[in-house]
Amino acid sequence: MNKALSPTDFGALEGFHDLNPTQDDFCASVIKGLSRKQKTLSCKFFYDQRGSELFDEITTLDEYYPTRTEIGILERSSADIAAAVGNQPTVVEFGAGSVRKIRLLLDAVDAPVFVPIDISRDHLVHSAKCLAGDYPETRVVAICADFTNDIALPKDLPTSNRLGFFPGSTLGNFTHDEAQQFLERTRATLGTGSAFLVGIDLRKDAETLHAAYNDSLGISAAFNLNLLNRINHELDATFDLTTFRHDAPWVEEHGRIEMRLYSTVNQNVTVAGTAFQFTEGEYIHTENSHKYSVAEFQALASSSGYEPVQVWVDDAERFSLHYLRG
Ligand code: TRP
């Protein structure tokens, strides 16, 4: 339900709308995923408190180039971006991820209204409050929701000159079909005349990609395994983390890195009273990270009804930031 909470609960936050999925959704999703022949877990549950901390650590690793490269593009191209976007858009961010990135964008375009959307309530409230405090001229309206669902924006937001922002190559975590549907849906959410700024990790040599997701300090492994830890704590499950091993191979045929957790022994695991059997060497598929060439992504955007207008790429051609018109 769309519960609007009193502004006093959220400091300088002007509005907060809770469309959050319940704990039942987490449990049902885990049981459904583990019941499949190819066991899967949804990557949207990576980001509990510990998961968010570990991901922040990933973004500082030498091997994990996407975050710092995208920030570099935003820094270097902010004047270009502002020129393309035009003045004073309502900025809608899908996933309240990186504080640095959104600040660079808000500074560049001088946004009067900012609407962060995120599945993780505590993280969202914290970051939205901080931003509202630091940008007193900007109206901040936070929406706690799963952006893979349909989202109706609050009626009192400006309807023209909306700019969607979807950094971090999160779109790469969807399959191509899901990505197309997401783009179609956001285009409908943002409305005609809107624009969308999307960060996409580029296709590159397998070695660089592999290192980014299998770092030498083991933070990627800890991040992936933390999902099992979260399930243990929140869903009364019995995963023994010493009997699962992270691996993230580049799968050329699908143009993606696949995040996997291998069971190193034959074992049974119980989740909320339901037992699951694992054989030695079997893996749980936890996430995909698709990589696109500029042309591949532009074709996807076009097939979703967007017009690719401009693209910024770093000198080493590792990452791309696309400006699309709705
Ligand atoms: N969305 C991130 C990405 O695709 C997630 C991620 C980075 C990740 N490193 C990881 C997930 C390691 C599992 C394991 O880049």
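Residues numbered from 1 in each chain as written. Predicted model: local features only at pLDDT ≥ 70, side-chain atom pairs only at ≥ 80, totals over all residues. Heavy atoms only, no water.

Here's the deal with the site of the ligand
Around the ligand, the neighbouring residues are Phe46, Phe55, Ile58, Tyr64, Asn173, Tyr213, Ser220, Phe223, His246, Met259, Glu287 and Ser289. Side-chain polar atom of Tyr64 to an oxygen atom of the ligand: 2.5 Å apart, as the coordinates give it. Secondary structure elements with two or more residues in the shell around the ligand: α2 (49–58), α8 (219–234) and β13 (283–290). Along the lines of polarity and charge, the residues of the shell around the ligand split into 7 nonpolar, 4 polar and 1 charged. (Near = heavy atom within 4 Å. Polar contact = N/O pair within 3.5 Å; in protein donor to acceptor, adjacent residues only side chain to side chain. Helix = DSSP H or I, 4+ residues; strand = E, 2+ residues; numbered from the N terminus. Nonpolar A, V, L, I, M, F, W, Y, C, P; charged D, E, K, R; others polar.)

Some details on the packing of helix α4 (residues 99–109) against helix α5 (residues 121–134)
Interaxial distance between α4 and α5 falls to 12 Å at its minimum, and their mutual angle equals 35°. Crossing of α4 against α5: the hand is right-handed. On α5, the residues that touch Ile102, Arg103 and Leu106 of α4 are Cys130, Leu131 and Asp134. In terms of residue class, the contact of α4 with α5 is built from 4 nonpolar, no polar and 2 charged. (Axes fitted to C-alpha atoms, helices over the stretch in contact; angles between N-to-C directions. Left-handed = near helix turned anticlockwise from the far one by under 90°. Contact = heavy atoms within 4.5 Å.)

Thoughts on the confidence of the model for the protein
Atom-level detail of predicted coordinates should not be read off regions where pLDDT is low. Predicted confidence across the protein gives a mean pLDDT of 92, with 95% of residues reaching 70 or more. Here residues 1–8 is modelled with pLDDT under 50, and outside its nearest four sequence neighbours on either side it reaches 15 contacts, counting other chains as well. (pLDDT = per-residue confidence, 0-100.)

With respect to the packing of aromatic side chains
The description of an aromatic ring pair uses the distance of the two centres, along with the angle that the planes make with each other. For the structure on display, the rule yields 24 aromatic pairs. On the numbers, 4.5 Å between centres and 40° between planes, the contact of Phe26 with Phe45 is tilted. Separated by 19 residues along the polypeptide, Phe26 in helix α1 (residues 23–35) and Phe45 in the loop between α1 and α2 bring together distant segments of the chain. An identical accessibility class is assigned to Phe26 and Phe45; each is buried. Aromatic pair Phe166 and Phe196: ring centres 6.4 Å apart, planes at 10°, arrangement stacked. With Phe166 in strand β6 (residues 162–166) and Phe196 in strand β7 (residues 195–201), the pair connects residues that are 30 residues apart, well separated along the chain. (Phe/Tyr/Trp six-rings, centres within 6.5 Å; stacked < 30°, edge-to-face > 60°. Buried < 20%, exposed > 50% of the residue type's maximum accessible area, 1.4 Å probe, protein only.)

Thoughts on the nonpolar core
Formed by 35 residues in total, the largest nonpolar core has its most connected members in Leu34, Ile231, Phe239, Val271 and Ile284. Sort the elements by how many residues they give to this core and α8 lands first, with 6 residues. Excluding its chain neighbours within four sequence positions, the residues that come into contact with Phe239 are Leu34, Leu228, Ile231, Asn232, Phe244, Val269, Val271, Phe278 and Ile284. (Core = buried A, V, L, I, M, F, W, Y, C linked by side-chain atoms within 4.5 Å.)

Topic: helix α3 (residues 66–85)
Given a rise of 1.5 Å per residue, 20 residues ought to cover 28 Å, yet the end C-alpha atoms of α3 are separated by just 23 Å, more than 12% below that figure. If you look at α3, its biggest bend is around 70°, right at Ser77. Along α3, the residues classified as buried are Pro66, Thr67, Thr69, Glu70, Ile71, Ile73, Leu74, Ser77, Ile81 and Val85. On the buried face of α3, the contacting elements are α4, β6, β7, β14 (307–313) and β15 (319–325). (Expected span 1.5 Å × (residues − 1). Bend = angle between axes of the 7 residues up to and from the residue.)

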